[in-house]
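# Observations on the three-dimensional arrangement
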Protein chains: 2
Amino acid sequence: MFSKACEYGIKASTYIALKSLEEKRVSLKEISSEIDSPMAFTAKILHQLAKNDILVSAKGPSGGFQIQKDRIESIKLADIVYAIDGDSVYKGCALGFNECNANKPCPLHDKFVVIRDELKKMLQNTSLFELTEGLEVGLTFLKR
Amino acid sequence: MFSKACEYGIKASTYIALKSLEEKRVSLKEISSEIDSPMAFTAKILHQLAKNDILVSAKGPSGGFQIQKDRIESIKLADIVYAIDGDSVYKGCALGFNECNANKPCPLHDKFVVIRDELKKMLQNTSLFELTEGLEVGLTFLKR
DNA sequence: ATTATTTCGGACAAAATTATCATAAATAAG
DNA sequence: CTTATTTATGATAATTTTGTCCGAAATAAT
């Protein structure tokens, strides 16, 4: 469904959001340990998320990553997915056409668009804050 | 969403179904040309679908692939996807956990399950016959 | 029977994705 | 100012997926 990069991106962002809620900046080391992801690979993804203005990075001792507290509720999963995987999730054709639309649809188009749009809606409506809620009370997990 | 292999598998099966409706067997060459897919790679996928009892293959001159006419309506997309991609589409976690369930869910689990189940239902309810219908009347396409 | 055609099946190759490593750049702290 | 720490960045490697090649096996037609 999502690329590994995107999976790590969402997990990392969620963890960073959780810590940012209590004004804490977190290091790459802590992040990749807490979400159980390869450190160097995660670094690249975080860098990309920073470039896309989703999180803020700081170099040097006591540096790390953080999300502006007042944006944790307005940053949606769709923003993260878009920053990493682009719009493939939203525009992609089930059968792999570069273009596929009502005008010249693949045989699965109509049925697939319904699912794809639901996914899109879900990602656009789900904020980082929502994802932190379950984590905070130990109801959901970022690693097994 | 689906692997390339799966995309080709669905397209190929749909084309074979279309031809099988008029009692015609089709060659690999014709198939890969009609769905615009790499021939040798498509061969492997077709072979796998044959092994999984979704289509029938025949060697030798005038050989090729075919689907039993009376099964075109009962073979669902879910069968094809399962034969090629396994159950990852149905059991996969949005954030990549090997296991992810209500008991120990990832932060996105509840919202994702809704989408995943819709996809599952759609695939289980869509037959090859349905996909051929639009093709026959030139409303849908297998290549652009 | 021989031959031409077509799928079968394994080895191999290319491309894309995922992951690692090493070094540079920034910066906080002493 | 120096040092230790941490992110930034590009090169490289491993893995997975996608795709190719070629000979084997089957079989229809001559």
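Refer to the structure printed above.
Since the structure is predicted, the reported quantities are computational estimates derived from the model, not experimental observations.

## Looking at helix H7 (residues 128–136) of chain B
Residues and elements named next belong to chain B. Here H7 has its buried residues at Leu128, Leu131, Thr132, Gly134 and Leu135. For H7, the angular spread of the buried residues around the axis is 160°, confining them to a single face. Packing partners of the buried residues in H7 comprise helix H1 (4–20) and helix H4 (77–85). Looking one or two residues past H7, glycine 138 carries a phi angle of roughly 70°, positive in sign.

## As for the protein's contact with DNA strand C
Close to DNA strand C lie 24 residues, the nearest being Pro38(A), Leu28(B), Lys44(B), His47(B) and Ser57(B). The sugar-phosphate share of atoms of DNA strand C within 4 Å of the protein amounts to 68%. Within the backbone of Lys4(A), a nitrogen or oxygen atom sits 2.9 Å from a phosphate oxygen of DNA strand C. Within the side chain of Lys59(A), one N or O atom sits 3.5 Å away from a sugar or linking oxygen of DNA strand C. Of all the secondary structure elements, the ones that give two or more residues to the surface near DNA strand C are helix H1 (4–20) and helix H3 (39–51) of chain A together with helix H3 (39–51), strand S1 (56–58) and strand S2 (64–66) of chain B. It is H3(A) that provides the largest number of residues to the surface near DNA strand C, a total of three residues. Its residues assigned to classes, the surface near DNA strand C comprises nine nonpolar, ten polar and five charged.

## Re the relation of the copies chain A and chain B
In screw terms, the move from chain A to chain B is a rotation of 180° and a rise of 0.0 Å along the axis, fitting with an RMSD of 0.0 Å. Those values place the two copies in the arrangement expected of a two-fold rotation axis. Every residue of chain A has its C-alpha some distance from the rotation axis, and the shortest such distance is that of Met1(A), at 2.3 Å.

## Topic: the interface of chain A and chain B
If you look at the interface, chain A gives 36 residues, while chain B gives 37 residues. Summing both sides of the interface, chain A and chain B together bury roughly 3,500 Å²; the carbon and sulfur share of this comes to 70%. At the junction of chain A with chain B, the criterion picks out two salt bridges. The tally of links from chain A across to chain B stands at twelve residue pairs in polar contact (both at pLDDT 80 or more). Of all the secondary-structure elements, those providing two or more residues to the side of chain A that touches chain B are H1, helix H6 (109–125) and helix H7 (128–136) of chain A. Looking at which element gives the most residues to the side of chain A that touches chain B, the answer is H6(A), with seven residues. A class-by-class count of the residues in the side of chain A that touches chain B yields 22 nonpolar, four polar and ten charged.

## With respect to the packing of aromatic side chains
Centre-to-centre distance and the angle between the planes together describe a pair of aromatic rings. Counted under the stated rule, the structure contains two aromatic pairs over all chains. Taking 5.8 Å as the distance between ring centres and 85° as the angle between the ring planes, the aromatic pair formed by Tyr8(A) and Phe41(A) counts as edge-to-face. Placement of the pair is Tyr8(A) in helix H1 and Phe41(A) in helix H3, with a sequence separation of 33 residues. Sitting over the face of the ring of Phe141(B), Lys104(A) holds its NZ or CZ atom 4.9 Å from the ring centroid.

## So, the pattern of salt bridges
Residue and element names in this part refer to chain B. Using the criterion set out here, one finds twelve salt bridges over all chains in the structure. Note that lysine 4 is salt-bridged to glutamate 7, the shortest N-O span being 3.3 Å. Residue lysine 4 and its partner glutamate 7 are both found in helix H1; the two are separated by three residues, about one turn of the helix. Classification of lysine 4 as partly exposed rests on a relative accessible area of 44%. Of the charged contacts, one joins aspartate 87 and lysine 91 as a salt bridge, the two residues approaching to 3.7 Å between their closest N and O atoms. The class of aspartate 87 is partly exposed, set by a relative accessible area of 31%. Overall, the relative accessible area of 59% leaves lysine 91 in the exposed class.

Parameters at a glance
Residues numbered from 1 in each chain as written. Chains lettered and ligands numbered in written order. Predicted model: local features only at pLDDT ≥ 70, side-chain atom pairs only at ≥ 80, totals over all residues. Heavy atoms only, no water. Buried < 20%, exposed > 50% of the residue type's maximum accessible area, 1.4 Å probe, protein only. Helix = DSSP H or I, 4+ residues; strand = E, 2+ residues; numbered from the N terminus. Arc of directions from axis to C-beta. Contact = heavy atoms within 4.5 Å. Near = heavy atom within 4 Å. Polar contact = N/O pair within 3.5 Å; in protein donor to acceptor, adjacent residues only side chain to side chain. Nonpolar A, V, L, I, M, F, W, Y, C, P; charged D, E, K, R; others polar. Least-squares fit on C-alpha atoms with pLDDT ≥ 70 in both. Buried area = accessible area lost by both parts, 1.4 Å probe. Salt bridge = Lys/Arg side-chain N within 4 Å of Asp/Glu carboxyl O. Phe/Tyr/Trp six-rings, centres within 6.5 Å; stacked < 30°, edge-to-face > 60°. Lys NZ or Arg CZ within 6 Å of the ring centre and 35° of its normal.

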